[in-house]
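Chains, contacts and geometry: an overview
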Amino acid sequence: MNSSTDTLPPAAGAPAAGTAVTPQALRAALGMFATGVTIITARDTQGVLRGFTANSFNSVSLDPPLVLWSLAKTSSSFEAFAGCGHYAVNVLSAEQLPLARRFATRGIDRWTWVEHQAGAGGSPVLAGSAAVFECAHRTVHEAGDHVIFIGEVVRCHHTPGTQPLLFHGGRFYSELPLADEPDVR
């Protein structure tokens, strides 16, 4: 390619120009981004424990300490989280795979036999988590069929050496370091 008018051929498997992005194609492409797995927890305004499995978690800012996560507007937990003052983001360890599945299941009592303690604002902090971010609810932003929640971290802790639970391509994984890779921290 020698001139600015040359164009690159479409990538293998790429949709033709003008092809609409379908929810199925978007979900499949997003599944190629490996994420950690969390359970977002809170107490609703009546004091009822709430929680669900999510991988839509990310950092926003170190100063002030802000994190974000998103929730579908159609979620049965939507009103509870939109109305709470605090929540906890529990980053799961690989050993907590059963909890990830439990809190992703609809129509069951998710809290039976779940070991936890009250965190900031009464939000449940799950025992055995790789890390926990206890947050004060700060803002929400509507974005398509979801709402983005931004929380200010008021307390956090992590357990060094804990193997995190990962999600990729619709399946759960545990961490396996690549050989001879330097620590990038």
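The structure displayed is predicted, hence computed values, not measured ones.

Checked against the element boundaries, methionine 32 lands in the loop between helix 1 (23–30) and strand 1 (35–36). Placed 137 residues apart in sequence, methionine 32 and glycine 169 show a C-alpha to C-alpha distance of 5.5 Å.

As enumerated under the stated definition, the model contains eight aromatic pairs in all. Seen in terms of ring centroids, tryptophan 69 and tyrosine 87 are 5.1 Å apart; in terms of plane orientation they differ by 85 degrees. Their pairing is edge-to-face. Taken together, the residues tryptophan 69 in strand 5 (residues 66–72) and tyrosine 87 in strand 6 (residues 86–91) connect sequence positions 18 residues apart. Taken individually, tryptophan 69 and tyrosine 87 each receive the classification buried, so the pair is uniform in this respect. Every member of this aromatic cluster is reached through a ring pair, and the members are Phe52, Trp69, Phe78, Phe81, Tyr87 and Phe149.

As a further point, take unusual backbone geometry. The omega torsion across aspartate 63 and proline 64 is 5 degrees, close enough to zero to call that bond cis. Considering the arrangement of structural elements, one finds proline 64 in the loop between strand 4 (57–61) and strand 5. In this model, tryptophan 113 sits at a positive phi of 65 degrees, which is unusual for a non-glycine residue.

This part covers the sheet that holds strand 11 (residues 165–168). Overall, antiparallel pairing links the three strands, which are arranged 1-11-12 in an open sheet. Each edge of the sheet is formed by a strand with only one pairing partner; in this case those strands are strand 1 and strand 12 (171–174). Of the strand pairs in this sheet, strand 1 and strand 11 are connected by two bridges, and their pairing is antiparallel. By the bridge assignment, threonine 35 is partnered in strand 11 with phenylalanine 167.

Its location among the elements puts threonine 41 in strand 2 (residues 38–43). Among the residues examined, threonine 41 registers a relative accessible area of 0% and is labelled buried. Separated by 81 residues in the primary sequence, threonine 41 and glycine 122 have C-alpha atoms spaced 9.8 Å apart. Once residues within four sequence positions are removed from consideration, threonine 41 is found in contact with Arg50, Gly51, Phe81, Tyr87, Ala88, Asn90, Trp111, Ser123 and Pro124. Separated by 2.4 Å, the side chain of threonine 41 and the backbone oxygen of proline 124 make a polar contact.

Now for the sheet that holds strand 9 (residues 131–143). The strand order across the open sheet formed by seven strands is 3-2-6-9-10-5-4, and the pairing between neighbours is antiparallel. Whereas interior strands pair on both sides, the edge strands pair on one side only; in this sheet they are strand 3 (49–54) and strand 4. In this sheet, adjacent strand axes meet at a mean angle of 35 degrees when their direction is disregarded. The pairing of strand 2 with strand 6 spans four bridges and is classified as antiparallel. The residue bridging isoleucine 39 from the neighbouring strand is asparagine 90, located in strand 6. Here helix 3 (residues 97–104) sits on the sheet in contact with strand 2 and strand 3, set at roughly 110 degrees to strand 3.

A few words on the side chain of serine 129. For serine 129, the position within the fold is in the loop between strand 8 (124–126) and strand 9. Among the residues examined, serine 129 registers a relative accessible area of 5% and is labelled buried. For serine 129, the side chain forms a polar contact with the main-chain oxygen of leucine 126, separated by 3.1 Å. Residue contacts for serine 129: discarding those within four places in its chain leaves Asn90, Val91, Leu92, Gln96 and Thr159.

The rules we used
- Residues numbered from 1 in each chain as written.
- Predicted model: local features only at pLDDT ≥ 70, side-chain atom pairs only at ≥ 80, totals over all residues.
- Heavy atoms only, no water.
- Helix = DSSP H or I, 4+ residues; strand = E, 2+ residues; numbered from the N terminus.
- Phe/Tyr/Trp six-rings, centres within 6.5 Å; stacked < 30°, edge-to-face > 60°.
- Buried < 20%, exposed > 50% of the residue type's maximum accessible area, 1.4 Å probe, protein only.
- Pairing = 2+ DSSP bridges.
- Contact = heavy atoms within 4.5 Å.
- Polar contact = N/O pair within 3.5 Å; in protein donor to acceptor, adjacent residues only side chain to side chain.
- Axes fitted to C-alpha atoms, helices over the stretch in contact; angles between N-to-C directions.

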